[in-house]
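Listed below are the residues making up each chain.
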Amino acid sequence: MPIRIPESLPANKILMNEGVMVMSDTDADRQDIRPLQIALLNLMPQKIQTETQFARLIGATPLQIEFSLINVSSYKGKNTPKEHMAAFYRPFEELRAVKFDGLIITGAPIEHLDFNEVKYWDELIEIFEWTRTNVFSTFGVCWGAMAMLKYFHGIEKSKLHEKAFGCFRHINLKPNSPYLRGFSDDFIIPVSRWTEIKTQDIARNDHLELLITSDEVGPCLVTERENNNLYIFNHLEYDSNTLKYEYNRDISENTPTKLPQNYFPNDNPEQPPENRWRSHAHLLYGNWINEIYQKTPYDLSAIGQLSKG
């Protein structure tokens, strides 16, 4: 089954051209099944790019999924047209009574700030609390994952001496994890961040389990032993050219930056980068969706009534 998104959403045409199955509202309503309700809390400035990246992965599963876009109510970004936001996004304030099978919380380019300095931190705390009763499984990405770990487990992020930037080999620590079905023993994942979570902080927390790590850039994927939350600090969702865009942006803004490691062929930014992580991106998000499908209540109203720890 395909993903169900508005026909006028830019991601719709992009995904159809890529061969991703996209379902119209009319066709979806004709099927007598309950689609999984998956939402994206999009904190990134380039919202259209980000929503397309995640819709591509969510739409590759064999299940019918209704994909909703959420933005915080307490902060208005400047990089996405107001018309797009009004047409496709709903502020969290309108969704307090709504329940979802899954929620993805993206990263945000605010790593240099302490969490309590973030303009929408208070609202994000409300959202984290709301997920306890209204979301079956929450998947935090990069800064979003670090913010979740801070709130739910009291783990602080640590600043790096220089940006972790490029494509790095990662190690599969738990091949028997349902989230890592089909994963190789080691694989490439794009990384772009100024902060990290320390391995020892995860190891000393009995509620957390480290699934993927890297000798070069540290922990990558963490899950909770009792609950359904996932935390990934790197960017399997990235397009082939995302790191190139970030590198060119920094150069144009005179921001000190190094060439992303292990990314451009022969370290030549004039050559098109090769995508060496796409298959594992589809595996991870497909496995996450499958776990939700196997375990989430059929009756959405029952989400939150079961103990989440």
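Preceding this paragraph is the structure being described.
Our focus in this paragraph is the nonpolar core. The biggest cluster of nonpolar side chains holds 48 residues, and the ones touching the most others in it are Tyr-285 and Trp-288. Dropping the residues within four chain positions of it, Tyr-285 is found in contact with Phe-54, Leu-57, Ile-58, Ile-104, Phe-139, Val-141, Ile-232 and Glu-237. Leu-43, Val-118, Phe-128 and Trp-130 belong to the second-largest nonpolar core, a separate cluster that totals 36 residues.

Turning our attention to the pairing of strand β9 (residues 186-196). Consecutive residues of a regular strand have side chains that alternate between opposite faces of the sheet. Within β9, 9 of the 11 residues are buried, leaving the element largely enclosed by the surrounding structure. When strand β8 (residues 158-172) meets β9, the two strands line up antiparallel, connected through 10 bridges. Each bridged residue has a counterpart across the sheet, and for Ser-158 the counterpart in β9 is Glu-196.

This next bit is on the packing of aromatic side chains. Two descriptors summarise a pair of aromatic rings, namely the distance from one centre to the other and the angle between the planes of the rings. Enumeration according to the criterion identifies 17 aromatic pairs in this entry. When the ring of Phe-115 is compared with that of Trp-143, the centres are 5.7 Å apart and the planes differ by 50 degrees; the resulting orientation is tilted. In this pair, Phe-115 sits in the loop between β6 (100-105) and α5 (121-134) while Trp-143 sits in helix α6 (residues 143-153), placing the two residues 28 residues apart along the sequence. The same class applies to Phe-115 as to Trp-143, namely buried. Measuring from centroid to centroid gives 5.6 Å for Phe-128 and Tyr-151, while their planes differ by 35 degrees, and the two rings are tilted. Here the residue Phe-128 occupies a position in helix α5, and Tyr-151 occupies one in helix α6, the gap between them amounting to 23 residues. Judged by relative accessible area, Phe-128 falls into the buried class, the value being 0%. The exposure class of Tyr-151 is partly exposed, given its relative accessible area of 26%. Taken together, Tyr-75, Phe-115, Tyr-120, Trp-121, Phe-128, Trp-143, Tyr-151 and Phe-152 form an aromatic cluster joined through their ring pairs. Residue placement shows Arg-34 over the ring face of Tyr-298; its charged tip is 5.8 Å from the ring centre.

Now for the side chain of Glu-123. Note on placement: Glu-123 falls in helix α5. In this structure, Glu-123 is buried with no salt-bridge partner, the nearest side chain bearing the opposite charge being Arg-96 at 6.2 Å. Here Ser-74 takes part through its side chain, which lies 2.4 Å from a polar atom of the side chain of Glu-123. When neighbours within four sequence positions are excluded, Glu-123 is seen to be in contact with Val-72, Ser-73, Ser-74 and Phe-92.

Bringing the pattern of salt bridges into the picture now. It is possible for side chains of opposite charge to pair when their charged atoms get near one another. In this structure the tally under the stated criterion is 18 salt bridges. Measuring nitrogen to oxygen at the nearest pair gives 3.1 Å for the salt bridge that ties Arg-96 to Glu-93. We classify Glu-93 as partly exposed; its relative accessible area is 48%. Of the charged contacts in the structure, one is a salt bridge between Lys-258 and Glu-162, with a shortest N-O distance of 2.9 Å. Here the residue Lys-258 occupies a position in the loop between α8 (242-252) and α9 (278-295), and Glu-162 occupies one in strand β8, the gap between them amounting to 96 residues.

Running from amino to carboxyl end, α5 crosses α6 at an angle of 75 degrees, the nearest separation of the two axes being 11 Å. With respect to their mutual orientation, α5 and α6 come out roughly perpendicular. Counting all contacts with α5, which are made through Trp-121, Leu-124, Ile-125, Phe-128, Glu-129, Thr-131 and Arg-132, the residues of α6 involved are Trp-143, Ala-147, Met-148, Lys-150, Tyr-151 and Phe-152. Broken down by class, the residue content of the contact of α5 with α6 amounts to 9 nonpolar, 1 polar and 3 charged.

Parameters and conventions
- Residues numbered from 1 in each chain as written.
- Predicted model: local features only at pLDDT ≥ 70, side-chain atom pairs only at ≥ 80, totals over all residues.
- Heavy atoms only, no water.
- Core = buried A, V, L, I, M, F, W, Y, C linked by side-chain atoms within 4.5 Å.
- Buried < 20%, exposed > 50% of the residue type's maximum accessible area, 1.4 Å probe, protein only.
- Contact = heavy atoms within 4.5 Å.
- Helix = DSSP H or I, 4+ residues; strand = E, 2+ residues; numbered from the N terminus.
- Pairing = 2+ DSSP bridges.
- Phe/Tyr/Trp six-rings, centres within 6.5 Å; stacked < 30°, edge-to-face > 60°.
- Lys NZ or Arg CZ within 6 Å of the ring centre and 35° of its normal.
- Lys, Arg positive; Asp, Glu negative; His and termini not counted.
- Salt bridge = Lys/Arg side-chain N within 4 Å of Asp/Glu carboxyl O.
- Polar contact = N/O pair within 3.5 Å; in protein donor to acceptor, adjacent residues only side chain to side chain.
- Axes fitted to C-alpha atoms, helices over the stretch in contact; angles between N-to-C directions.
- Parallel < 35°, antiparallel > 145°, perpendicular 65-115°, else oblique.
- Nonpolar A, V, L, I, M, F, W, Y, C, P; charged D, E, K, R; others polar.

As far as function goes, none of this settles anything; it's purely spatial.
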